[in-house]
Amino acid sequence: MNGRRERRTFGSLDAAKEEARMAALNIQRGLSSENDLRPQDRENLRAVQDLLSPLGLPLVAVVEEYLQCRRRLGAVPLLLAVEDFVTRSRSYEPGILVPRVVDELIQHKQQDRINAHYLKLLDGNLRQFAKSFPGEITQVTGAMIEGWLRRGGHSMVTRNNWLKRVKELFAFAKRRGYLPKNEATVAEALKRGKQADTDVGIFTPEQMAQLMSAATAELIPVLAIGGFAGLRGAEIARLNWSAVDLGRKIIELRAGQAKTASRRIVPISDNLAGWLAKIDMHGPVVPDAGVFLQARRLAKSLGLPWPHNALRHSYISYRIAVVQSAAQVALEAGNSPTIIFKHYRELVTKDEADKWFGILPETPR
């Protein structure tokens, strides 16, 4: 009694035997004071053990897991959460590795014959991403992507470009059924960083003249169209000579070629026409994306700096000094008048602009 042994005495052997028989019967029935399970509790226990037997799981482990789930789910019923998970998991194919998604995306882009320059950038950036995260794409978190973007202390412009390509990767994975179709990807939730205002770097007329004089026939289209028509590097890379009309003195950028995804007509200045007249205008303007790097190397060999987007920035700066209209230059450059007015107004004088658009090929003697 109370955890202590109790010694009992009986007046006869028969009385002691009867007491022992009753004690054994009570134990068998689950009514012993040493066994706190009632008969119905014992039956319930046996039923639960029979249910768990096919799974090979001990009752205590099942109870512990259930309690952990309930604590995390709060008021949400466990069965409802399981059904939601099953429905969600059936909407995509789990276990797909990041390198595989990158391979498939690049293959699709190659089949679609996208611009070679952009394809090279996309391939390079996403290969680095896959190297950093070789596991399942479903296991990549927003925090992991954010950390990858911030590595190396790169500029906000660079980080935003990387983010754009990572978002393209995750959107592709979603379309392929490698991520839940009815949920936003972790990449979608990440926002572009705010790019700080920076001084616009441009070439002087003297520097541009030096570049053009030293340029090979392969480099002239990139330098001349960038500097005297203001096309972006990616737009030049997508351009075909059939879009350049020297007779009408215009360059026609179709919607798929322009960054703004809208058709744009860019005027050809007299000096640009002079430079392009020296070119065999057939096929793509840029047959090899490596010419952009060669142009920078040429500038370096001449001891000239190459500020970010120097050719385009130069064109806009000198062009607005000529026409004195932010709206007109914005239309030609595929930009907003606000940006043109904010960053390019009064950077150069009219005399400097005249020198810029007066840079012509040397007349053979």
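Everything below is about the structure printed above this text.
Structure report, in brief.

Definitions and cut-offs
Residues numbered from 1 in each chain as written. Predicted model: local features only at pLDDT ≥ 70, side-chain atom pairs only at ≥ 80, totals over all residues. Heavy atoms only, no water. Pairing = 2+ DSSP bridges. Helix = DSSP H or I, 4+ residues; strand = E, 2+ residues; numbered from the N terminus. Phe/Tyr/Trp six-rings, centres within 6.5 Å; stacked < 30°, edge-to-face > 60°. Buried < 20%, exposed > 50% of the residue type's maximum accessible area, 1.4 Å probe, protein only. Lys NZ or Arg CZ within 6 Å of the ring centre and 35° of its normal. Axes fitted to C-alpha atoms, helices over the stretch in contact; angles between N-to-C directions. Parallel < 35°, antiparallel > 145°, perpendicular 65-115°, else oblique. Contact = heavy atoms within 4.5 Å. Nonpolar A, V, L, I, M, F, W, Y, C, P; charged D, E, K, R; others polar.

1. Some remarks on the sheet that holds strand β1 (residues 244–245)
In spatial order, the strands read β1-β2-β3; together these three strands make up an open sheet with antiparallel pairing. Every other strand in the sheet has two partners, leaving β1 and β3 (264–267) as the edge strands with one partner each. As defined by bridge partners, strand β2 (residues 250–253) adjoins β3 across four bridges and the pair is classed as antiparallel. Counterpart to isoleucine 251 in the pairing with β3 is valine 266.

2. A look at the packing of aromatic side chains
This structure, assessed with the given rule, holds eight aromatic pairs. Seen in terms of ring centroids, phenylalanine 129 and phenylalanine 170 are 6.3 Å apart; in terms of plane orientation they differ by 80 degrees. Their pairing is edge-to-face. Highlighted residues: phenylalanine 129 in helix α6 (residues 116–132) and phenylalanine 170 in helix α8 (residues 156–175), separated in sequence by 41 residues. A relative accessible area of 0% places phenylalanine 129 in the buried class. Overall, the relative accessible area of 1% leaves phenylalanine 170 in the buried class. Ring geometry for phenylalanine 228 versus tryptophan 356: centroids 5.7 Å apart, planes at 65 degrees, classification edge-to-face. You can see phenylalanine 228 sitting in helix α10 (residues 220–228) and its partner tryptophan 356 sitting in helix α17 (residues 350–356), a full 128 residues away along the chain. With respect to class, phenylalanine 228 is no different from tryptophan 356; both count as buried. The structure contains a cluster of three or more aromatic residues connected by ring pairs, namely Phe129, Phe133, Trp148, Trp162 and Phe170. Across from the ring centre of tryptophan 148, 4.1 Å away, lies the NZ or CZ of arginine 151, which sits over that ring.

3. Thoughts on the packing of helix α5 (residues 98–111) against α6
One way to put it is that α5 packs onto α6 with a least axis distance of 9 Å and a crossing angle of 175 degrees. Between α5 and α6, the angle is such that the two are roughly antiparallel. Contacts from Val98, Pro99, Val102, Asp103, Leu105, Ile106, Lys109 and Gln110 of α5 reach α6 at Leu119, Leu122, Asp123, Leu126, Arg127, Phe129 and Ala130. Partitioning the contact of α5 with α6 into residue classes produces 10 nonpolar, one polar and four charged.

These figures come from the coordinates and say nothing about function on their own.
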